[in-house]
Amino acid sequence: MRPIPALIALGCLLAGSALAQPAPVKLGVLEDMAGPTSYLNGQGSVDAAQLAADDFGGKVIGRPIVVMSADHQQKPAVGAAIARRWIDEQGVDVLLDIPNSDIALAVDQVIAEKHRLAIFVGAVTDRISEQDCNPYAMQWGLDTYADSQTVRPLIKSGFDSFFFLTSDYVFGHTLEDAARSAIAAAGGKVLGSVTIPLETTDYSSFLVQAQASGAKVVALLISGGSRLVTAFKQAREFGLSDASHKVTSLHIYTEDVHTLGLPATQGLEAVVPFYWNRDAASRAFSERYKARFGHLPSELHAGVYSATLAYLKGVEKAGTTDAAKVRAAMAEITIDDVYAQHATLLANGRLIHDLYLVQVKTPAESKDPWDYFNLVATIPAAEAFRPLSQSLCPLVKH
Amino acid sequence: MILGVPPALLFSQVMLGLINGAFYALMSLGLAVIFGLLNIINFVHGALFMMGAMLAWLLASYVGLGYWWALFIAPAMVGVFALMLERLFVRRLHGVDPLYGLLLTFGLALVIEGVFRVKFGTQGMGYDIPPSLQGAFRLGFMVLPVYRAWVVAAAVLLCLLIWLAVEKTRLGSVLRAATENAALVQAFGINVPRLVTLIYALGGALAAFAGVLGAPITSVDPNMGQNIVIVAFAVVTIGGLGSIAGPIVMGFVVGLIEGLTKVFYPDASSVAIFVLMILVLLIRPAGLFGRAA
């Protein structure tokens, strides 16, 4: 065989195989893989994205779906660098989850600049869909506004004075601001607050200050995970809660109730977007997830599942992975799954959906392992999240 | 009001500072003994602290042995583990620059924590205060949990015993002589390498003991040793490398300073220790109790 026809033949072969293997659609799940919140998101979120991709059939617009993951190590610079590398070198089409508000805001800037989509689930600062909103960012999980709704039932039942222990980073400060306005709106008062460095391992000094303030509610605005667990343990040690005093965190994860135990957490109220034992559909999903990955999904895992499915549906409807077209398509499709009920994707990127006010069960009420919450009320989507009319996002025209 | 703070609040913060100081003292003492006697910057100390707490949890959940058992068994097990570490790894760096030891033990800490993370995840483990130590003393100006009082008592007693052992007994004098001139001590028929292994194991056991003490009041998880080891190093540096009394005294002082920062300027409470360390290093590079090299 002469060399030139051979090369042509080889070229045809390669082109043929390239045609047979279209470029994949790449989903990048950016996580805290080993740090203090990795049991709430971490590998479990990567698994949830994979489960959604498999449920979708493994392919979208004729292209295989690839789920990639990386560890941001709780460092904003690392997270932003991974986002850039994923977009510039690996052609990742959408970034998912991105827990830790500081890192989420760093990644938010990268995607705004690169015109690539991101769906934030684990980051709770509402700046993503408010002051720092952009046409490419979507926020799926709870935000600080929604969390602060927990104060309303507290004030209604007479627990109307508050003291905050606030983690000194974006999460803590935005949650405190949101809680302050929610408290003022509901007729409660704030007696004081103290800012806590992130590295703190002993909260006793701060707890004693809170105790000295005489506030009826001590709110631990500390992100979920081992830090919150420590703070709860120590609050109990110093006898902060009794008949007329409560310790709450405005947000509580099922996993933290598990660690702290029901005797320490019973009666605690919080707003959650997902609870595995809520209804038949959530139980079926959770059992399926557990059968494959060995543990029940956290609310963040369920959120990543929902976000991944919605993204894939958007791509299918748009017929392309072009970020702006997919984003437009995602506003048109119906989003209704095990995580997001009665959901609407607003112009500022915020997905509003029903939330659930839950109360931690007493040890006697809990029938099965991980059976921890009583469903107190369903908060309709429109009330659960900040209405568009109050939005600070420049994309929203008032 | 004292400096704009109600006296009751101030006294309670002083008390809490001293309680935390007890922890720092216990952690730093192990480090100081290992550094002072063996010249090893033992970064694996935080991981051994974590192992102590995790073992307490494992003993409770899989074997059914409670807190008081764990207080003896966990340090013993970690002591044996430290002994193996010394025989297998740390020993090989004897006589080279201590920085190599720091790198090695830092790596070992990462490996140990990694193994625990893979096996148990980062979710905290539930570990409660033993029933006999639950409750609190009402002191008027503050509520003092019984458990914290016990921690201080146990830490002070242990620190005192170790200080006496190193400074006042024959074994202690042999140890100190061995660090001054190992060859000479060996010539007197004393097995110095065995002595070194023993001290390293005891240091490890001490870290594990602190871990068990801490388990009921902090989150028990594979990452729990990372912060405290840094603080303990700062305390040893402030107290003076090579001194035994230094880290004990400075542990309490640092706890106190940290406690007061938490009242007057909470934002700075986690850096106060390091500011103090920098100041001490500038003024007295050998540390407050250290002997100048």
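This section reports on the structure supplied with the text. Fair warning: this is a prediction, and the values are worked out from it, not measured in the lab. (Residues numbered from 1 in each chain as written. Chains lettered and ligands numbered in written order. Predicted model: local features only at pLDDT ≥ 70, side-chain atom pairs only at ≥ 80, totals over all residues.)

1. Some points on the overall build of chain B
Broken down by element type, chain B carries eleven helices and two strands. Each helix and strand of chain B, placed in order from N terminus to C terminus, yields the pattern α-α-α-α-β-β-α-α-α-α-α-α-α. In terms of overall dimensions, chain B is globule-like: its C-alpha atoms have a radius of gyration of 19 Å, near the 19 Å expected for 293 residues. Across its three principal directions, the C-alpha atoms of chain B cover 60 × 50 × 35 Å. Across the 293 residues of chain B, 52% fall into the buried class. (Helix = DSSP H or I, 4+ residues; strand = E, 2+ residues; numbered from the N terminus. Rg over C-alpha atoms; globule rule 2.2 N^0.38 Å. Buried ≥ 20, exposed ≤ 12 C-beta atoms within 10 Å, placed from the backbone.)

2. Digging into helix H7 (residues 170-185) of chain A
Residues and elements named next belong to chain A. The end-to-end C-alpha distance of H7, which contains 16 residues, comes to 23 Å, matching closely the 22 Å that a straight helix rising 1.5 Å per residue would cover. Among the residues of H7, those classed as buried are Val 170, Phe 171, Gly 172, Thr 174, Leu 175, Glu 176, Ala 178, Ala 179, Ala 182 and Ile 183. On the buried face of H7, the contacting elements are helix H4 (101-114), helix H5 (144-148), helix H6 (151-156), strand E7 (161-167), strand E8 (189-196) and strand E9 (217-221). After H7 finishes, the residue Gly 187 shows a positive phi value of roughly 85°. (Expected span 1.5 Å × (residues − 1). Contact = placed C-beta atoms within 7 Å.)

3. What about the sheet that holds strand E15 (residues 373-379) of chain A?
Residues and elements named next belong to chain A. The strand order E11-E14-E15 describes an open sheet built from three strands, whose pairing is antiparallel. With partners counted over all chains shown, the strands left at the sheet margins are strand E11 (269-272) and E15, one partner each. Here the strands of the sheet are splayed against their neighbours by 30° on average, with no regard to which way each runs. Note that E11 and strand E14 (residues 355-360) share four bridges and pair antiparallel. Considered in E14, the bridge of Val 272 is made with Tyr 356. (Pairing = 2+ DSSP bridges. Axes fitted to C-alpha atoms, helices over the stretch in contact; angles between N-to-C directions.)

4. A word on the interface of chain B and chain A
Across the boundary between the two partners, chain B contributes 33 residues, which contact 32 residues of chain A. Mapped onto the side of chain B that touches chain A, the elements with two or more residues apiece are helix H1 (7-38), strand E2 (143-145), helix H9 (225-239) and helix H10 (245-264) of chain B. The element that contributes the greatest number of residues to the side of chain B that touches chain A is H1 of chain B, accounting for five residues. When grouped by side-chain class, the residues that make up the side of chain B that touches chain A number 14 nonpolar, 15 polar and four charged. (Nonpolar A, V, L, I, M, F, W, Y, C, P; charged D, E, K, R; others polar.)

5. Focus on the pairing of strand E4 (residues 94-97) of chain A
Residues and elements named next belong to chain A. Two strands pair when backbone bridges link them, and strand E1 (residues 25-31) and E4 are joined in this way by four bridges, in the parallel orientation. When the bridges of E4 are listed, Val 29 appears paired with Leu 96. Pairing of E4 with strand E5 (residues 117-120), which is carried by four bridges, proceeds in the parallel orientation. What sits directly across from Val 94, in E5, is Leu 117.

6. A closer look at the environment of Met 125 of chain B
Among the structural elements, Met 125 of chain B can be located in the loop between helix H4 (98-120) and strand E1 (136-138). Judged by the 22 C-beta atoms lying within 10 Å of it, Met 125 of chain B falls in the buried class. Met 125 of chain B sits 67 residues away from Leu 58 of chain B along the chain, and the two C-alpha atoms are 9.4 Å apart. Dropping the residues within four chain positions of it, Met 125 of chain B is found in contact with Thr 259 of chain A together with Trp 57, Val 220 and Asp 221 of chain B.

7. Concerning the sheet that holds E9 of chain A
Residues and elements named next belong to chain A. Read across the sheet, four strands follow the order E8-E7-E9-E10 without closing on themselves; strand pairing throughout is parallel. Two strands in the sheet have a free side with no partner beyond their single neighbour: E8 and strand E10 (246-248). On average, adjacent strands in this sheet sit at an angle of 15° to one another, irrespective of strand direction. Of the strands in this sheet, E7, E8 and E9 are in contact with helix H8 (residues 204-213), which crosses E8 at around 165°.

8. Quick look at the pairing of strand E3 (residues 63-71) of chain A
All names here are of chain A. Where E1 lies against E3, seven bridges are found, and the strand directions are parallel. Bridge assignment links Gly 28 to a residue of E3, and that residue is Met 68. Taken together, the two bridges between strand E2 (residues 59-60) and E3 define a ladder with antiparallel strand orientation. Residue pairing across strands places Lys 59 opposite Pro 64, the latter belonging to E3.

The values are spatial; any link to function lies outside them.
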